[in-house]
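Listed below, chain by chain, are the residues.
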Amino acid sequence: MLCSRATRPFASAFVRTAPLRVVRHSSAASEGAYEHLKVTTPRPGVGLITFNRPKALNALFTPLFHELNAALRAFDSSPEIGAMVLTGSERAFAAGADIKEMKDKTFADAYGADFIEMWSDLMHIKKPVISAVNGYALGGGCELAMMADIMYCSVGATFGQPEIKLGVIPGAGGSQRLTRAIGKSKAMEMILTGNNLSGKEAGERGLVAKVFDSAQECVDGALDTAEKIASYSKIAVKAAKEVVNKSQDLGVREGIEFERRVFHGLFGSKDQKIGMTAFAEKKKPQWTHE
Ligand code: CO8
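Calculation rules
Residues numbered from 1 in each chain as written. Predicted model: local features only at pLDDT ≥ 70, side-chain atom pairs only at ≥ 80, totals over all residues. Heavy atoms only, no water. 1 Å grid on protein atoms, 1.4 Å probe; cavity = no way out; pocket = protein on both sides within 12 Å on 5 of 7 lines; lining within 4 Å. Points joined across faces, edges and corners; volume = space filled by probe spheres on them. Nonpolar A, V, L, I, M, F, W, Y, C, P; charged D, E, K, R; others polar. Pairing = 2+ DSSP bridges. Helix = DSSP H or I, 4+ residues; strand = E, 2+ residues; numbered from the N terminus. Contact = heavy atoms within 4.5 Å. Axes fitted to C-alpha atoms, helices over the stretch in contact; angles between N-to-C directions. Buried < 20%, exposed > 50% of the residue type's maximum accessible area, 1.4 Å probe, protein only. Arc of directions from axis to C-beta. Core = buried A, V, L, I, M, F, W, Y, C linked by side-chain atoms within 4.5 Å. Polar contact = N/O pair within 3.5 Å; in protein donor to acceptor, adjacent residues only side chain to side chain.

J.: Where do I start with the layout of surface pockets in this structure?
T.: Gaps left between atoms are located by rolling a probe of water-molecule size over the structure's atoms. Estimated volume of the largest pocket: approximately 1200 Å³. Along the walls of the largest pocket sit 34 residues, with Met147, Ala148, Asp149, Asn245 and Gln248 positioned nearest its centre. Of the residues belonging to the lining of the largest pocket, the class tally is 18 nonpolar, seven polar and nine charged. Roughly 810 Å³ of internal volume is contained in the second largest pocket.

Rendered as structure tokens:
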């Protein structure tokens, strides 16, 4: 069941640093038990995934990603869900990959078993995902936040790629996504020095779309945006995400051609007729998502 605004369970839940607990979910989209996550549907059409490893500052490890990928896929395939929010606690979105777990790995362990490959499944999710970053987003935490479609943070957020201090380099897209987002010189400085970027600077440099004064406002803001996205045609939203993402891979000319073809294709959807007819008749569109 989706919760109404009035009954949203989220408001005080995300800053809680309660001990790990198993959460059971009534929604078809999030059914199952999670040890390292809290998974809820606090607004109509919105899935909220909250990292819940407070003692390790939400350090990332494979069992957490099995759960994260399952929760993301469940929301992605649920007809009730239109957008998702990914967040952590007020202290940490995620302080990176679990260093203690990874420190004894050999090259053969890492390369042979494709270490962290399934940690990037977020990039294959078709519905929009917003990362709401409070506290530390370091290393893999920063990389994971950057895999989302929209990034929000609070002024108290700290972004960084400190892998150089551990004798390694970013391994899940940090060198590529950070560089595209804030430019080569600043990204190079951060990656080579391990220096962090504050939430305020992240806003100024365009790493995030919005900076909020508090952690609570950040998550609420992300939920507001997710709810708004979820209120539109799922077909149009899916197409919009796809064409924007193509801009990261294609040259401008090919990208525009791709966009035009998808735009033309949407004239074959019912929602195009519904949306444009509703405008002409001064009515609210009732999307069928077809
Ligand atoms: N791994 C394991 N444990 C961690 C991690 C981590 N990354 N970060 C924090 N913790 C643990 C600490 O060990 C500590 O545990 P304990 O109480 O048992 O000693 C607990 O969390 C609290 O941490 P601190 O006491 O250190 O808290 P502080 O407030 O003093 O410091 C910091 C907070 C600055 C965040 C500090 O903990 C820190 O520097 N952490 C490590 C940050 C880091 O280097 N991250 C990068 C890791 S490498 C990486 O992410 C590679 C990415 C691979 C791809 C990922 C794909 C998604």
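J.: How should I be thinking about the sheet that holds strand 6 (residues 92–94) in this particular structure?
T.: Through backbone hydrogen bonds, the strands of a sheet pair up, either in parallel or in antiparallel fashion. Ordered in space as 6-8-10-11, the four strands form an open sheet in which the pairing is mixed. Strands with a single pairing partner mark the edges of an open sheet, and in this sheet they are strand 6 and strand 11 (197–198). As defined by bridge partners, strand 6 adjoins strand 8 (residues 136–138) across two bridges and the pair is classed as parallel. Bridged to Ala94 within strand 8 is Ala137. Its contacts with the sheet put helix 4 (residues 140–147) on strand 6, strand 8 and strand 10 (158–160), and the angle it makes with strand 8 is roughly 95°.

J.: Is there a simple way to explain the sheet that holds strand 12 (residues 210–212) in this structure?
T.: If you trace the six strands from one edge of the open sheet to the other, you get 3-4-5-7-9-12, paired in mixed fashion. Every interior strand has two partners, whereas the edge strands, strand 3 (37–43) and strand 12, have only one. Looking at each pair of strands side by side, their axes are set apart by 20° on average, direction ignored. Bridge analysis of strand 5 (residues 83–87) against strand 7 (residues 129–133) gives four bridges, and the strand direction is parallel. What sits directly across from Met84, in strand 7, is Val129.

J.: Could you clarify how one ought to interpret helix 5 (residues 174–182) in this entry?
T.: In an α-helix there are 3.6 residues to a turn, and that puts residues three or four apart on one side. For helix 5, the set of buried residues is Gly174, Leu178 and Ile182. All buried residues of helix 5 project into a common sector of 15° when viewed along the axis, lining one side. Residues of helix 5 that are buried make contact with helix 4 and helix 6 (184–193). Phi turns positive one or two residues past the end of helix 5, at Gly183, with a value near 95°.

J.: Please clarify how the environment of Asn245 should be interpreted in this entry.
T.: Looking at the secondary structure, you find Asn245 in helix 9 (residues 234–246). Since its relative accessible area comes to 35%, Asn245 is described here as partly exposed. Taking the C-alpha atoms as reference points, Asn245 and Gly255, separated by ten residues in sequence, lie 9.6 Å from one another.

J.: Teacher, can you tell me more about the nonpolar core here?
T.: Side chains of a nonpolar character, in soluble globular proteins, are inclined to be buried together. Ranked by size, the top nonpolar core spans 45 residues in total, and within it Leu37, Leu68, Leu86, Phe93, Leu144, Phe159 and Leu207 carry the most contacts. Setting aside chain neighbours within four positions, we find Leu86 in contact with Ile49, Phe51, Leu68, Phe93, Leu122, Val129, Ile130, Ser131, Ala132 and Leu144. Counting residues in each nonpolar core, the second largest holds 15 residues, with Val46, Ile130, Ala132 and Phe212 among its members.

J.: Looking at this model, I keep getting lost on helix 4. Mind explaining?
T.: Most of helix 4 sits out of view: eight of its eight residues are buried. Inspection of helix 4 places Gly140, Gly141, Cys142, Glu143, Leu144, Ala145, Met146 and Met147 among the buried residues, and these make up the whole buried set.

J.: What exactly am I supposed to notice about the side chain of Asn58 here?
T.: Here Asn58 shows up in the loop between strand 4 (46–51) and helix 1 (62–77). Of note is the side chain of Asn58, whose polar atom sits 2.9 Å from the backbone oxygen of Ala92. Sequence-distant contacts of Asn58, defined by excluding residues within four places in its chain, comprise Phe51, Asn52, Arg53, Gly88, Ser89, Ala92, Phe93, Ala94, Ala95 and Gly96.

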